[in-house]
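# Structure assessment
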Amino acid sequence: MIEIEHVRKSFGQLEVLKGIDLTVSKGEVVTIIGGSGSGKSTLLTCINGLEPIDSGRILIDGTEVHAKSTDLNKLRRKVGIVFQQWNAFPHLTVLENVTLAPRKVLGMARAEAEEIAVRQLTHVGLGDKLKTYPGRLSGGQQQRMAIARALAMSPEYMLFDEVTSALDPQLVGEVLDTLKMLAQEGMTMILVTHEMAFARDVSDRVAFFHQGVMAEIGPPQQIFGDPQHPETRKFLSSTRQ
Amino acid sequence: MFNYTFQWKQAMARLPQMLDGAIVTMQVAILSMVIGILLAIVLTMFRLSGIRILSAVAKAWVEIARNTPALFQIYMAHFGLGSFGLHLSPFLSILIGITFNNAGYLTENFRGALKAIPDTQTRAARSLGMGAAGAFRHVVLPQMLRISFLPMTNQMVWAILMTSLGVTVGMNTDLYGVTQDLNALTFRTFELFALAAVIFYVITKIVTLGARLIAARLFRY
Ligand SMILES: Nc1ncnc2c1ncn2[C@@H]1O[C@H](COP(=O)(O)OP(=O)(O)OP(=O)(O)O)[C@@H](O)[C@H]1O
Ligand SMILES: [Mg+2]
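Each value, and the rule that gives it
Residues numbered from 1 in each chain as written. Chains lettered and ligands numbered in written order. Predicted model: local features only at pLDDT ≥ 70, side-chain atom pairs only at ≥ 80, totals over all residues. Heavy atoms only, no water. Helix = DSSP H or I, 4+ residues; strand = E, 2+ residues; numbered from the N terminus. Rg over C-alpha atoms; globule rule 2.2 N^0.38 Å. Buried < 20%, exposed > 50% of the residue type's maximum accessible area, 1.4 Å probe, protein only. Contact = heavy atoms within 4.5 Å. Areas by Shrake-Rupley, 256 points an atom, 1.4 Å probe, with all protein chains shown as cover. Axes fitted to C-alpha atoms, helices over the stretch in contact; angles between N-to-C directions. Parallel < 35°, antiparallel > 145°, perpendicular 65-115°, else oblique. Left-handed = near helix turned anticlockwise from the far one by under 90°. Nonpolar A, V, L, I, M, F, W, Y, C, P; charged D, E, K, R; others polar. Near = heavy atom within 4 Å. Polar contact = N/O pair within 3.5 Å; in protein donor to acceptor, adjacent residues only side chain to side chain. Core = buried A, V, L, I, M, F, W, Y, C linked by side-chain atoms within 4.5 Å. UniProt positions renumbered as here; feature names shortened; annotations may be inferred. Phe/Tyr/Trp six-rings, centres within 6.5 Å; stacked < 30°, edge-to-face > 60°. Pairing = 2+ DSSP bridges. Expected span 1.5 Å × (residues − 1). Arc of directions from axis to C-beta.

Quick look at the overall build of chain A now. Across its full length, chain A holds nine helices and 10 strands. Taken over C-alpha atoms, the radius of gyration comes to 18 Å for chain A, in line with the 18 Å a tight globule of 241 residues would show. The principal-axis extents of the C-alpha atoms in chain A amount to approximately 55 × 45 × 30 Å. Per-residue burial for chain A yields a buried fraction of 53% across its 241 residues. When contacts within chain A are restricted to residue pairs at least 6 apart in sequence, long-range pairs at least 24 apart make up 63% of them. In the form shown here, chain A has an accessible surface area of approximately 10,400 Å², with 47% of it arising from carbon and sulfur atoms.

Okay, here's the thing in structure tokens:
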């Protein structure tokens, strides 16, 4: 379970998160939508401790992420994250990209790490690209590799930050399909996305962020069918155009 | 007028001695590069550490190495340390002087290379549970060395040529030192130094070409 309690966060003068509360249970898929600069990415990077917070707290299975005593490196094994772009390590083959962390962080033997990597890469449809360098992959393939790389650490939670928004339109589908597959397998996920049809499809709940506040959260039917907050309506009608 | 008669035979007879000198020159250059690269990696980590005294050390090193004559740096290793009672052999003095110079220049090259590696690489590594050191070693360092490969090759050439400064601290076993001694013995000045220049040229060409081949094998991405 991920528990986010009254989280506030500023960059200098700019308050980016103004008291966020959100609890995500095991197996749940929560999608975050909202305008540019509303704090969506910042929240994700706070959840796995890449960014500090100013007040409030975030608990992952009861462990406080930003407590001094918390071993972040250990905690991050539980929480995978895939960013918008530049995820691939260009100097390593696809297979090496995926085996790196299991070997160096978990201390796994090469053979075992490769077995897991091959399984994950096959799972995301890259079983035939093991020896390829990321520079030769399409953007969509690179993102699927990044997903496999995160999954190879057997995380219990996955965070996705607009993983399709840097892709050419024809490559978006293959990545969304991969995410959908994960959701169906019961992975607990928090996704930031601009793909509304997709959000409606996979989410258990959809949260709408507006200027650092979670203005509204609810099941997708409600958010997309009957939004309560005026800003949600405004945002949704702007994305429909 | 012009009454110098070339006597190439005499110079050529000394070729084996000069090639022995070339081997010493290469030993100094290679050692100074290997140690220089390792030091530059350490200095780069000092710079990134955020610890003020460490980054000050790195900064001072780079500034002195890049903004003073290499000859001065070699003099400091020999006569400078000598005046503190630490008397180094000519070989060690030239090795330390060139290594100091290499490390300074390479640290600056590494700084440029790091700018070309997006922060997101470190982020991605950290988010997989790697510590700061692990992320640097497995993700940033290999990319940094790749980007710096050409500057490193240039520095290697420069290191080979810098060994000629060794004569100023009494070095006489390297290519330039051997040539100078032979000149004092035979007075075939032009022939000997022309021959030395050709050997220097051939060595640096081989190094540059070899580096290109290594790069093609090593960096297939
Ligand atoms: N490292 C940073 N330093 C300073 N300001 C930052 C930093 N990261 C984000 N911001 C600012 O914080 C605000 C929220 O950024 P964030 O990336 O969380 O928004 P977002 O909702 O993900 O937007 P988008 O949809 O454009 O990705 C923005 O105004 C951004 O400029
Ligand atoms: Mg964002």
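Having seen the model, we can carry on.
Right, let's talk about unusual backbone geometry for a bit. All names here are of chain A. Its identity as a non-glycine residue notwithstanding, His 6 has a phi of 45°, on the positive side. Note that His 6 resides in strand 1 (residues 2-11). Here Asp 61, not a glycine, exhibits a phi torsion of approximately 50°, which is positive. Considering the arrangement of structural elements, one finds Asp 61 in the loop between strand 4 (55-60) and strand 5 (63-64).

Quick look at the packing of helix 2 (residues 15-49) of chain B against helix 10 (residues 189-218) of chain B now. Geometry of a packed helix pair, given as the angle between the helix axes and the separation of the axes. Residue and element names in this part refer to chain B. At a closest axis distance of 11 Å, the pairing of helix 2 and helix 10 adopts a crossing angle of 45°. Here helix 2 lies oblique to helix 10, going by the angle between them. The two elements helix 2 and helix 10 meet at a crossing, and its hand is right-handed. Touching Leu 15, Met 18, Leu 19, Ala 22, Thr 25 and Met 26 of helix 2 are Leu 192, Leu 195, Ala 196, Ile 199, Phe 200, Ile 203 and Val 207, all from helix 10. Within the contact of helix 2 with helix 10, the residues separate by chemical class into 12 nonpolar, one polar and no charged.

On to the site of ligand 1, then. Residues and elements named next belong to chain A. With respect to spatial proximity, 13 residues lie near ligand 1, and among them Ser 36, Gly 37, Lys 40, Ser 41 and Thr 42 are the closest. Contact between ligand 1 and Gly 37: an oxygen atom at 2.8 Å from a main-chain N or O atom of the residue. Within the contact set of ligand 1, an oxygen atom lies 2.6 Å away from a side-chain nitrogen or oxygen of Ser 41. With the chains in place, 61% of the 640 Å² that ligand 1 exposes on its own is no longer accessible.

Note that soluble globular proteins tend to have their nonpolar side chains buried in a common cluster. With 45 residues, the main nonpolar core has Met 18, Met 144 and Ile 160 of chain B as its most contacted residues. Elements that contribute at least two residues to this core include exactly helix 2, helix 4 (70-82), helix 5 (90-115), helix 7 (132-147), helix 8 (149-162), helix 9 (175-186) and helix 10 of chain B. What Met 18 of chain B contacts, discounting residues up to four positions off in sequence, is Leu 175, Val 178, Thr 179, Leu 182, Leu 192, Leu 195, Ala 196 and Ile 199 of chain B. Grouped together as the second largest cluster of nonpolar side chains are 38 residues, Val 94, Leu 130, Ala 148 and Leu 176 of chain A included.

Turning next to helix 3 (residues 94-104) of chain A. With eight of 11 residues buried, helix 3 of chain A is to be regarded as a mostly interior element. Residues Val 94, Leu 95, Asn 97, Val 98, Thr 99, Leu 100, Ala 101 and Pro 102 of chain A constitute the buried set of helix 3 of chain A.

Before going further, it helps to examine the UniProt feature "domain: ABC transmembrane type-1" (unreviewed entry) in chain B. The positions UniProt marks with the feature "domain: ABC transmembrane type-1" (unreviewed entry) are residues 18-211 of chain B. Between the first and last C-alpha atoms of residues 18-211 of chain B the distance is 24 Å; the span itself is 83% helix and 0% strand.

Here we come to the packing of aromatic side chains. Residues and elements named next belong to chain A. The final tally for this structure, using the stated rule, is eight aromatic pairs over all chains. Between the aromatic rings of Phe 208 and Phe 235, the centroid separation amounts to 5.3 Å while the plane-to-plane angle is 40°, which identifies the pairing as tilted. Here Phe 208 is found in strand 9 (residues 205-210), whereas its partner Phe 235 is found in helix 9 (residues 230-240), with 27 residues between them in sequence. One exposure class covers both Phe 208 and Phe 235, and it is buried.

Look at any regular strand and the pattern is simple: side chains alternate between the two faces of the sheet. Residues and elements named next belong to chain A. Pairing geometry for strand 1 and strand 4, over five bridges, is antiparallel. Counted as the bridge partner of Glu 3 is Leu 59 from strand 4. Between the antiparallel neighbours strand 4 and strand 5 lie two residues, among them Asp 61 with a positive phi of about 50°.

Here the focus is helix 6 (residues 169-184) of chain A. Residue and element names in this part refer to chain A. Between its first and last C-alpha atoms helix 6 spans 24 Å; for 16 residues at 1.5 Å apiece the expected length is 22 Å, and the two agree. Listed as buried for helix 6 are Leu 171, Val 172, Val 175, Leu 176, Thr 178, Leu 179, Leu 182 and Ala 183. Seen along its axis, helix 6 keeps its buried residues to an arc of 155°; they face one direction. Exposed positions of helix 6 whose direction lies more than 90 degrees from the buried face are Gln 170 and Gln 184. Packed against the buried residues of helix 6 are strand 3 (29-34), helix 5 (139-151), strand 7 (157-161), strand 8 (188-192) and helix 7 (196-202). Just beyond helix 6, the residue with positive phi is Gly 186, at close to 95°.

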